[in-house]
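A closer look at the structure
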Amino acid sequence: MRDDAVNTGDRDIARWNFRALMVDVTFFSISMAFLDMSAVLPLLLRRLGMDGPMIGGFASLRFFAFSSIQIFVAYATHWRARQKPWLVWNCTLTRLPLLLLPWFLWHAADSEAHRIAALWAAVVILTIWMLGDGLGYVPWMEIIGRTFSARQRGRFFGASQLVAGIVSILIAGFGVRTLLASARFPYPHNYAILTAISAVMIQFSSIGVVLLREPARPRSAPTLADRPPMIPYLKKLLGLVRGDPGFVRLAAIQLLLGFGGAAMPFYVLYASQRFNLPDSWGGVYQMLQAVSIVALTPVWTLLSEKRGPRASVRALALACLLVPLVALTVGRISAPLFGLVFLLMGGRIGWGLW
C-alpha cells in the first residue's frame, strides 16, 4: 500500500473503484445483517442442536479459517502483476455454496436426520465461506491500497462503516426481528428465509468485486521472479517484525483487543436463557449493536483527529473492558438493560476495531 504509487494513479479508476467497493461493502453488510454472527447465528446453531462450547468453538474455527491462511496468500500473490483474478475466483467459488444452505435449513425440522444434515451444512458451508474471504482479503486490501491515497482510504472506510451501521439498524429492526417473531414462518422457515436473503446479497457483493478495475502495479514493485522460497520468506518476515518495535506493540494491542470477540456469540445465548427470551430478541440486540456502530465509530474518528490515534485506541480498549463488566452487573437485571452490552459491543469489535 504505497502512497507514492497511489498518488500517481488514475483518478478515474479511483472514482470507479470507490463506487464498485461501495457496492461490494454495502451488499456484504446487508448479507451480514440478515445472518448476524453475534446475534442471529448463535441462536440458529442452538436451535440446530449445538451447545454453548460448540458454538464458541465454531466461532473460533471460522476465525481460524479466515485469518490463518493470509500469510500464505500474501506469499502467493504479492509478487504477481494482477491481484483481481485470484480475488474474483475465491469470491465466486466459496460464496456460491451459501445458496444451498437455505434448503437444508427449511427442512431442518422434518426429522432428526434433516436436523443433523442442516447443522453440518451450516458448519461446512459457513467455514468454506470464511476460508474464501480469508483467501481474498489480502488481494482485496492490495487493490484498495493501489487505488486510494491515505486520505481516500480513510473516507472509504468511514463511509463503508456508516453504511454498514445504518443498513444493519433498518434490517434488524424491520426484517430480522419481524421474521424471527413471525407466526406465518415459524422455525426453521424463518431462519431459512434469513439465510436465503443473506446468501443472495453476498452474491451481489461479489458483483462489486467483479466490477473492480485493478490499477497498475508500481514500477518499483518486485516481480514474481524476485520471490524467495517459502522458508526464507517466513524467516525474513520474523526478522522484519523483530526490527519494528512499533509494529510489534500495535499487533499485540490488536490481538489483545480482539480477544474480546471470543465472547461475542455467548452474550445473546446468555440473555436468551437468563430472561427466557424468544428468538426475536436477537433482532432487537442486533439493532442495538448496529446503533453502536453508527454512534461510536465517529467518536473514535473524532478522538483520533483531535487527540491523536493513541487516545482513540485507549477509548476503544475501555469500551472493550466495559462490555463484560456491564454483562456481569447491570445486564443481569433485565433483558432491556442487557441491551447495553450490544450498545457497547458493536462499535468496538469488528467495524470499530477495523
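This report concerns the structure included in the present document. (Residues numbered from 1 in each chain as written. Predicted model: local features only at pLDDT ≥ 70, side-chain atom pairs only at ≥ 80, totals over all residues. Heavy atoms only, no water.)

**What to know about unusual backbone geometry**
We apply this condition: Strands here mean DSSP runs of E at least two residues long; helices mean DSSP runs of H or I at least four residues long; both are numbered from the N terminus.
Of the consecutive residues Tyr 187 and Pro 188, the connecting peptide bond is found in the cis state with omega at 5°. Tracing the backbone through its elements, the reader meets Pro 188 in the loop between helix 9 (150–180) and helix 10 (189–210). Within the chain, Asn 276 stands out as a residue other than glycine whose phi angle is a positive 55°. As for its placement among the helices and strands, Asn 276 is situated in the loop between helix 13 (264–274) and helix 14 (280–307).

**Quick look at the pattern of salt bridges**
Worth spelling out the cut-off: Note on definitions: salt bridges are taken to be side-chain nitrogens of Lys or Arg within 4 Å of carboxyl oxygens of Asp or Glu. When a residue's accessible area, from a 1.4 Å probe over protein chains only, is under 20% of the maximum for its type it is buried; when over 50% it is exposed; and in between it is partly exposed.
Throughout the structure, instances matching the rule amount to seven salt bridges. Asp 12 is the partner of Arg 15 in a salt bridge, and the nearest nitrogen-oxygen pair spans 2.3 Å. In this pair, Arg 15 and Asp 12 are both assigned in helix 2 (residues 11–34), three residues apart and thus about one turn of the helix distant. According to the relative accessible area criterion, Arg 15 is partly exposed, its value standing at 45%.

**Topic: the side chain of Thr 147**
The criterion, for reference: Here a polar contact is taken to be a pair of N or O atoms separated by no more than 3.5 Å, where protein atoms must pair a possible hydrogen donor with a possible acceptor and residues adjacent in sequence count only if both atoms sit in side chains.
Its location among the elements puts Thr 147 in helix 8 (residues 112–147). Separated by 3.1 Å, the side chains of Thr 147 and Asn 17 make a polar contact. Polar contacts involving the side chain of Thr 147 include one to the main-chain carbonyl oxygen of Ile 143, which spans 2.7 Å.

**Considering the packing of aromatic side chains**
Convention followed: Two rings from Phe, Tyr or Trp (for Trp, the six-membered ring) form a pair when their centres are within 6.5 Å of each other. A pair whose planes differ by under 30 degrees is stacked, one over 60 is edge-to-face, and the rest are tilted. The criterion for a charge sitting over a ring is simple: Lys NZ or Arg CZ within 6 Å of the ring centre, and within 35 degrees of the ring normal.
Scanning the entire structure with this criterion turns up 13 aromatic pairs. A ring pair is formed by Tyr 285 and Phe 342, whose centres lie 4.7 Å apart and whose planes are at 5°; its orientation type is stacked. Highlighted residues: Tyr 285 in helix 14 and Phe 342 in helix 16 (residues 335–345), separated in sequence by 57 residues. The structure contains a cluster of three or more aromatic residues connected by ring pairs, namely Tyr 267, Tyr 270, Trp 281, Tyr 285, Phe 338 and Phe 342. Just above the ring of Trp 16 sits the side chain of Arg 213; from NZ or CZ to the centre is 3.8 Å.

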